[in-house]
Amino acid sequence: MAPRILTLANQKGGVGKTTTAINLATALAAVGERVLIIDLDPQGNASTGLGIDRANREISSYDLLVGEARIAEASVMTSVPNVAIVPSTLDLLGVELTIAAHADRAFRLRDAFKAINELTIDGRPVSYVLIDCPPSLNLLTINALVAADAVLVPLQCEFFALEGLSQLLQTIEQIRSTLNPRLSIQGVVMTMFDRRNNLSEQVLADVRQEMGELVYDTVIPRNVRLSEAPSYGKPALLYDLKCAGSQAYLRLATEVIRRERRLAAA
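As annotated in an unreviewed UniProt entry, the chain carries the name Chromosome partitioning protein ParA and is attributed to Paradevosia shaoguanensis.

Below you can see the structure in the form of C-alpha cells.
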C-alpha cells in the first residue's frame with residue numbers, strides 16, 4: 001500500500017512547521033507508523049533537529065529533485081526509531097535555476113515518490129511521508145503540494161495568522177484545479193498558543209470560525225522544551241516526553257490518524 005503523503009506548508013516563517021514535522025513524525029512512529037520526512041527547506045532545520053550532521057548529508061533532497069538519486073539512496077535513518085529523513089543542504093537554494101526550464105519542474109518530487117516502495121523502515125514499507133517546506137510559496141513548495149495527498153497547515157496564534165492563510169488556501173486551490181486534483185487539507189494546527197494571552201484566545205476563536213472543523217482540537221502551546229530540543233538534535237518527545245509540547249504532539253498524531261481513517265473511508 002502506498003504511504004500517505006502530508007505536506008506541512010505555510011509561506012510565513014517561524015510558525016512551527018519544522019517543530020511540527022519532527023514531533024508529529026516521532027509521535028506517529030511511537031504508535032507504530034513508519035515515517036519518512038522530506039526536508040525541502042534549504043535551511044535544513046528538520047535535518048539538524050533530528051541530529052543529522054551536515055557532514056553526513058552526502059545525498060540530499062536536491063539530488064532527489066534533479067533526478068540524481070532515488071528516494072531509498074537519499075534517505076538516512078534518524079536516532080528516532082521508525083523515522084527516516086531525506087536531509088536538506090544549501091544546494092536547494094539553486095534547485096529552481098536547475099529545473100526551471102524543464103516542463104516537468106512541478107512534478108519532480110511526485111515522480112521521485114514512484115520509487116518509494118524501494119525504501120523500507122525496519123523491514124516494512126513507509127506508511128507516512130511528511131514534507132517540511134520552506135517559508136515561501138516557491139517551486140519547492142509547489143513540488144511538495146503536487147506530490148501530496150493532503151496539506152497540514154501550522155498556524156501561529158498571532159494577529160496576522162488569517163492573512164497569510166488566505167494566500168496559502170488560494171495556492172492550494174490553484175494546485176488542486178491544475179496540477180493535483182486529489183489534494184485536500186488534512187487540517188490546520190494552531191501553534192505557539194499562550195493561555196495567558198488574550199490575543200491567542202481571540203486568534204484561535206477567529207480561525208475556528210473561519211475554518212470550522214478543519215482546525216484540529218489539539219492546540220500546540222508555547223513551550224520552552226519544544227524550542228530547546230532541536231539544539232540537542234532531538235525531537236521534544238525524546239528530549240522531554242512529559243512536557244506540555246510533547247503531550248500536545250501525541251494528541252495531534254491521534255487526531256491526524258483519526259482523520260486519515262475518515263478520509264480513507266470517504
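### Overview of the overall build of the chain
Within the chain, the secondary structure is distributed over 12 helices and 10 strands. Principal-axis analysis of the C-alpha atoms gives the chain an extent of 50 × 40 × 35 Å. In the chain, which comprises 266 residues, the proportion classed as buried is 56%. In the chain, 78% of the contacts between residues at least 6 apart in sequence involve partners at least 24 apart. Of the roughly 11900 Å² that the chain leaves accessible, carbon and sulfur atoms contribute 51%.

### Let's talk about unusual backbone geometry
For Asn82, which is not glycine, the phi torsion reads 70 degrees and is therefore positive. Take Asn82: it is sitting in the loop between strand S3 (76-77) and strand S4 (83-86). Although it is not a glycine, Asp122 adopts a positive phi angle of roughly 55 degrees. Turning to its location among the elements, Asp122 is positioned in the loop between strand S5 (120-121) and strand S6 (124-125).

### A word on the packing of helix H8 (residues 161-178) against helix H9 (residues 198-211)
For any two helices packed against each other, one specifies the inter-axial angle together with the distance between the axes. Running from N to C, H8 and H9 point in directions that differ by 30 degrees, and their axes come no closer than 10 Å. What the angle tells us is that H8 and H9 run roughly parallel. Relative to H9, the crossing made by H8 is right-handed. Taking contact as the criterion, the partners of Ala161, Leu162, Leu165 and Leu169 in H8 are, on H9, Val203, Asp206, Val207, Glu210 and Met211. Here the residues of the contact of H8 with H9 sort into 7 nonpolar, no polar and 2 charged.

### Concerning the packing of aromatic side chains
Tallied over the full model, the rule gives 2 aromatic pairs. Measuring from ring centre to ring centre gives 5.1 Å for Phe159 and Phe160, while their planes differ by 70 degrees; the resulting arrangement is edge-to-face. On the basis of relative accessible area, Phe160 is assigned to the partly exposed category, the value being 44%. Arranged with centres 4.9 Å apart and planes meeting at 20 degrees, the rings of Tyr232 and Tyr239 form a pair that is stacked. Classification of Tyr232 by relative accessible area gives exposed; the value is 54%.

### Considerations on H8
Spanning 18 residues, H8 covers 26 Å between terminal C-alpha atoms, matching the ideal 26 Å at 1.5 Å per step. On its buried face, H8 is in contact with helix H7 (139-147), strand S8 (150-156), strand S9 (184-193) and H9.

### Some thoughts on the nonpolar core
For soluble globular proteins, the rule of thumb is that nonpolar side chains tend to be buried together. Counting 54 residues, the largest nonpolar core has Leu36, Ile38, Phe113, Ile131 and Met190 as its most contacted members. In terms of residues, this core owes the most to one element, H7, which gives 6 residues. Ignoring sequence-local partners within four residues, the contact set of Ile131 consists of Ile5, Leu6, Thr7, Leu8, Ile38, Leu40, Leu109, Phe113 and Ala144. The next biggest cluster of nonpolar side chains, apart from the first, holds 34 residues, and it includes Leu24, Val189, Ile220 and Ala248.

### Topic: the side chain of Ser61
Structurally, Ser61 can be placed in helix H3 (residues 61-65). Setting aside residues no more than four positions away along its own chain, Ser61 makes contact with Ile38, Asp39, Leu40, Val86, Pro87, Ser88 and Leu92.

### A word on the sheet that holds strand S1 (residues 4-8)
Taken in spatial order, the 8 strands of this open sheet run S3-S4-S2-S7-S1-S8-S9-S10, and their pairing is mixed. Across the chains shown, the open sheet's two edge strands, defined by having one partner strand only, are S3 and strand S10 (215-221). By the bridge criterion, 3 bridges tie S1 to S8 in an arrangement that is parallel. Looking across to S8, one finds that Leu6 is bridged to Ala150. Relative to the sheet, helix H12 (residues 244-265) contacts S1, strand S7 (128-132), S8, S9 and S10, its axis offset from that of S10 by approximately 165 degrees.

What counts as what
One numbering rule holds for all chains: residues counted from 1, following each sequence as written. With the structure being a predicted model, the display of local features is reserved for residues of pLDDT at least 70 and the display and counting of side-chain atom pairs for 80 or more, all residues being used for whole-chain, interface and lining totals. Each side-chain value is worked out from all heavy atoms of the structure, with water and hydrogens disregarded. To qualify as a helix, a DSSP run of H or I must reach at least 4 residues; to qualify as a strand, a run of E must reach at least 2; elements of each kind are numbered from the N terminus. For each residue, the accessible area found with a 1.4 Å probe, counting protein chains only, is set against the maximum for its type, and the residue is called buried under 20%, exposed over 50%, and partly exposed in between. Working rule for contacts: check all heavy atoms of both residues, and any pair within 4.5 Å makes them a contact. Surface exposure here means Shrake-Rupley accessible area, sampled with a 1.4 Å probe, where a residue is shielded only by the protein chains that are shown. Whenever a helix is involved, its axis is fitted only over the stretch in contact; in every case the axis is a line through C-alpha atoms, and angles between N-to-C directions fall within 0 to 180 degrees. Angular relationships are summarised with four words: roughly parallel below 35 degrees, roughly antiparallel beyond 145, roughly perpendicular across 65 to 115, and oblique for the angles in between. Crossing chirality is assigned from the near helix's rotation relative to the far helix, an anticlockwise turn below a right angle marking it left-handed and a clockwise turn marking it right-handed. Amino acids outside the nonpolar list (Ala, Val, Leu, Ile, Met, Phe, Trp, Tyr, Cys, Pro) and the charged list (Asp, Glu, Lys, Arg) are all regarded as polar, and Gly is one of them. Aromatic pairing here means that ring centres of Phe, Tyr or Trp (its six-membered ring) are within 6.5 Å. Orientation follows from the plane angle: under 30 degrees is stacked, over 60 is edge-to-face, and everything else is tilted. A helix is expected to span 1.5 Å for every residue after the first. Buried Ala, Val, Leu, Ile, Met, Phe, Trp, Tyr and Cys residues that are joined via side-chain atoms within 4.5 Å together make up what is termed a nonpolar core. The rule for pairing is simple: two strands pair if DSSP sees at least two bridges between them.

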